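# Survey of secondary and tertiary structure
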Amino acid sequence: MAKKARQRISYVLELPNASPGGHRLGVNGLAIDRDNSILYSGGRDGVVCAWDITRSPLTEGGSHSSVVDSSQFNGTRSECITRFRAQTHAHTHWINDIALAQQHTALVSASSDLLVKVWRPLAADAQEPVTIGQHADYIKCLATPSQSATWVASGGLDRKIYLWDLSGAGKALEIDVRGEEVPQKGSVYALGVTHNILANGGPESIVRLWDPRSGQRITKFVGHTDMIRAILVSESGDMVLSASSDQTVKVWSVTAGRCMHTLTMHDHSVWSLFSDDPSLNIFYSGDRSGLVVKTDVRETKGDLNNGLQHRASMLSVRSKDTTAGSPINNAGDPTRPTIPAKSILRISNTASFPVAIGRGGEDPLPGLVPKGSQSANQDPVSTVEPAHHLPVETIEGQFGLVKHRLLNDRRRVLTLDTAGDVLLWDLIQCRPIQSFGRRNLEDVECEVNTREAVAPWCSIDISSGSLTVVLEPYNCFDAEMYADEVVLDEPVEFREDQRINLGKWVLRYLFANLIDEEIRRDEDFRQKLNEGAVKKTTGRVLPPLAISIPPHPNFSSNQPSSATPRAGLPPMTPGFGIGMATPGSPVPPTLDGLASPFSPMDRRGSQVSRPSQERQDYFSDAIQGSDAAQTPKPIQSPAADASHTDEKTPKQSTDNSKEKDKDSKDKDKDKDKDNGKSPTATFSKKFLMGMSFGTKKLGRSQSTAAAEKPAVVDETKAEESEASSNHEKEFGDDFGSVIRRIRAEYEKQAVENPDQAVETKLTPSLPNDTPVLKLPPATKVIIQEETSGGSAEIYRGTVASVGADADIIEERGPQWLGEVLLLNTLPQKEPVKISFVLHPWKDELPPLPSTDGNNRLNANRMLRVRKILAYVAERIDPAAAPAEDGDGDGEEEEEEGGGLKPEEYLELYCNDQLLPIKMTLATLRTHIWRGGNDIVLYYKANGRKQIPMGPGAATNKDEPGEVTASSAA
């Protein structure tokens, strides 16, 4: 089975009062349905809009040669001629081109999200656009041969032209158009097509012709000197027009195989061409400066220069019922508007009319006068002016985002839109939280930013004019925040120093409805499995699925099963009636270790732990000696870590582990004796486990960890690797593979233990691990797959629809997403640690005990200053540990300050700055230390408690062996 490409999750934040009716960013494509008077537009915001057009009396009948007199409107109208009809958010990236097909019933769009989609807005049951094709890179252009055709052609930066079946049958033809000399220049930026000829152009500056039926090359046209931007092909296939960044439009004869005319009426790169004339005698061209030029070469008999001179000398407009060669001028019909002389352009450098005027106003061709009906003494036109200075109507769009700033906490984003308004967004709540009006973005950033350092866990994309948050599997679980910093509508009980993983938190509620649907399906599957086991078991009845007592007569069968934890509800089983652990790096469970709410062993995989008072300190494995940092420490689950504490723990399953524990304890006792220190303090036993000196000679916990952990992980790594390989071969690597794997375990259990009810193995995170979020139901959720040219969309839904789309997500979603949502298991990753050194401030306090003076430590980047102070207090102040038994001096000790917490009588400094007790090592390193080497910290007393000096240390003048800490500077 082929391995899936890397997939990522995105979600789009919308304004609460956002309403359809216009683009947020620039418009890249237009298409018009004359039969139904509908204008379609595709923009950089990924949206396709449909507009109803009220026909103007001057354009009634649709004559392409009619000219609207702008003087009648003066740029304004009291009544709009367009009205918003409908729109669809078809793509997640820029729409680069659109085209109408199948009698104007199908609107085809091509995007930088690599997809070709079809939208049928006139259908009775109008649905969302459907994908009919996909490129490996940005798609730049579309073309369809006629309204009766059943296919559409697309070209892109992958140097391929595809013909796609409009009914969704897939690819009809593929043409490789790589450049001959430089393959990279074969990108397709322009397409023109009929039933017999397909023409393309791009950076190679060559127009290539192909047979759309066979894909064979017909010929090529060479002559442009810059990129080709647009192509038109006549209906008969005998003429091709090409527009280029070399500021020219060339007319090519397919029959003659050469360029017939080079038109130079533009002074800037020509970017677009349009014509609804089958023979291309009338066409429009637009350039980079915004100038739109109409070219009329009818009745020229092939001589474009003379034809333009003859037509231009009449200075009149042809109506739909005017016969060829019989123009109407002002004298014949004064009601018809005329084209001003200043609006006439020279069609080419060789045209004799109008007289060319240089940029400085001088005549570059002195003595040349127009022929025909124009007088020889006609003054040359000094400047060219547009025939229409103002549009008849402008269709206004909405305001889109053009700039953003991700704040230091990486949970909030400031955005600036096209109207100049600044808005503050919450990435977790998926909504804006504050508006600052029209202000400078940088000024607002200084006001609202905080001094924090949080690991990158998402990226922000505003290329479509909306705020899109992108989650990549390699880093979306790197960032955490402390639970005591969360502001919630409803109170939730958290453990001390509990951390919340930001990526897991937001994913949990983006897909909340999907989790509920999978729980329901899981219950149905187990119910059928248990019913089948009952039928096979003669004379034996299995216990109920969720309880172990007979049902009460008044018990309602409609109540949810307690075997399955419901999202957002308190746990209903003894196994889930405890607080959730939040380890720094959870380990995915093996096949036999899938979490179950009924098994303590399974709770390890689902990150469920004992209550906070029964487990060790949260940062017990956070601080390591420098030597330990040289060898990566194996990641332990909470259940494994808890075995090192003083509290009662489950017995080891093998004699091996018992012997290891005994050996470790003996070694610890010996080391304690050598150091002259007994393990009396409970906190010391917990905290020092993970925080020790580089010599490994201080503290009992380091030797215990060193003795036990490597022996456990060496075996598990091999098992996990083998299990992962077997899982991929047998179940696949998509979202559904997690479910198939679990169900295989169910079936195995039902066969091996037919007398026991199959219990759930789904363990989604609970509110005390990921507090409940009420996300906007319309928040878009997108799954994308990485390709060689970018990311292709493979699923799109909303927070409200993900449950109904469970089958699609199971098929297309990534395996890691299933493990996070259903098993509460994060991808394994080594935690990032920061090294630091602790010294007493001006030797006023005892130094940390060390045999060789090495005070270098390292710890998890999320370690708080408060924990470092607690560590210091344990090392220098014996009174910091709670007394083993009463000695009658408790009241006196409390009066002298012995009952104070370490952060109440100790302070920590870095670069002469007092550090807040909630500051993390990551923030300290980024904003205070600002260096790459080890952080140097100084601990100091504030005078609220007396701290004894160690033997041989400098003493106070009054009491030897004891000092009074001075007040903080």
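Under an unreviewed UniProt entry, the name given to the chain is WD40 repeat-like protein, and the source organism is Humicola insolens.

## Examining the packing of aromatic side chains
What the rule picks out here adds up to eight aromatic pairs. Both rings, one in tryptophan 841 and one in tyrosine 938, keep their centres 6.2 Å apart while their planes meet at 90°; by these two values the pair is edge-to-face. Linking tryptophan 841 in the loop between strand 36 (833-840) and strand 37 (856-860) with tyrosine 938 in strand 40 (residues 935-941), this pair joins segments that are 97 residues apart in sequence. Looking at tryptophan 841, the relative accessible area reads 16%, which means it is buried. Put simply, the rings of Trp841, Tyr909 and Tyr938 touch in pairs and so form one group of aromatic residues.

## Points about the side chain of arginine 521
Its location among the elements puts arginine 521 in helix 4 (residues 512-536). Given the relative accessible area of 18%, arginine 521 is considered buried. If we skip the residues at most four places from it in the chain, arginine 521 touches Arg743, Ala806, Asp807 and Glu810.

## Remarks on the sheet that holds strand 28 (residues 431-438)
Taking strand neighbours across the sheet as the criterion, the four strands line up as 25-26-27-28 in an open arrangement whose pairing is antiparallel. Either end of the sheet is taken by a strand with one partner, and the two such strands are strand 25 (401-406) and strand 28. The average angle at which neighbouring strand axes cross in this sheet is 20°, direction not considered. The sheet strands contacting helix 2 (residues 441-448) are strand 25, strand 26 (412-417), strand 27 (421-426) and strand 28, and the helix crosses strand 26 at an angle near 160°.

## Remarks on the pattern of salt bridges
The tally for this structure, following the rule as stated, stands at 41 salt bridges. Between lysine 867 and aspartate 497 there is a salt bridge, with the nearest N and O atoms lying 3.3 Å from each other. Remark: aspartate 497 occurs in the loop between strand 31 (480-482) and strand 32 (499-501) and lysine 867 occurs in helix 14 (residues 865-876); sequence separation between them is 370 residues. Taking relative accessible area as the criterion, lysine 867 reaches 4% and is therefore assigned buried. A single network of salt bridges, built from pairs that share partners, joins Asp484, Glu485, Glu496, Asp497, Arg864, Arg866 and Lys867.

## Quick word on helix 11 (residues 735-752)
Over its 18 residues, helix 11 extends 27 Å from the first C-alpha to the last, a length consistent with the 26 Å expected when each residue adds 1.5 Å. Among all positions of helix 11, only Phe735, Gly736, Ser737, Val738, Ile739, Arg741, Ile742, Glu745, Tyr746, Gln749 and Ala750 are buried.

## Some remarks on unusual backbone geometry
Backbone geometry follows two general trends: most residues other than glycine have a negative phi, and most peptide bonds adopt the trans configuration. Despite not being glycine, serine 37 shows a phi value in the positive range, around 55°. Secondary-structure assignment places serine 37 in the loop between strand 2 (27-33) and strand 3 (38-43). Residues other than glycine seldom take positive phi values, yet lysine 842 does so here, at roughly 50°. Residue placement: lysine 842 occurs in the loop between strand 36 and strand 37.

## Some details on the confidence of the model for the chain
Predicted confidence across the chain gives a mean pLDDT of 74, with 65% of residues reaching 70 or more. The low-confidence segment residues 57-78, where pLDDT is below 50, has 40 contacts with residues more than four positions distant or belonging to other chains.

The rules behind these values
- Residues numbered from 1 in each chain as written.
- Predicted model: local features only at pLDDT ≥ 70, side-chain atom pairs only at ≥ 80, totals over all residues.
- Heavy atoms only, no water.
- Phe/Tyr/Trp six-rings, centres within 6.5 Å; stacked < 30°, edge-to-face > 60°.
- Helix = DSSP H or I, 4+ residues; strand = E, 2+ residues; numbered from the N terminus.
- Buried < 20%, exposed > 50% of the residue type's maximum accessible area, 1.4 Å probe, protein only.
- Contact = heavy atoms within 4.5 Å.
- Pairing = 2+ DSSP bridges.
- Axes fitted to C-alpha atoms, helices over the stretch in contact; angles between N-to-C directions.
- Salt bridge = Lys/Arg side-chain N within 4 Å of Asp/Glu carboxyl O.
- Expected span 1.5 Å × (residues − 1).
- pLDDT = per-residue confidence, 0-100.

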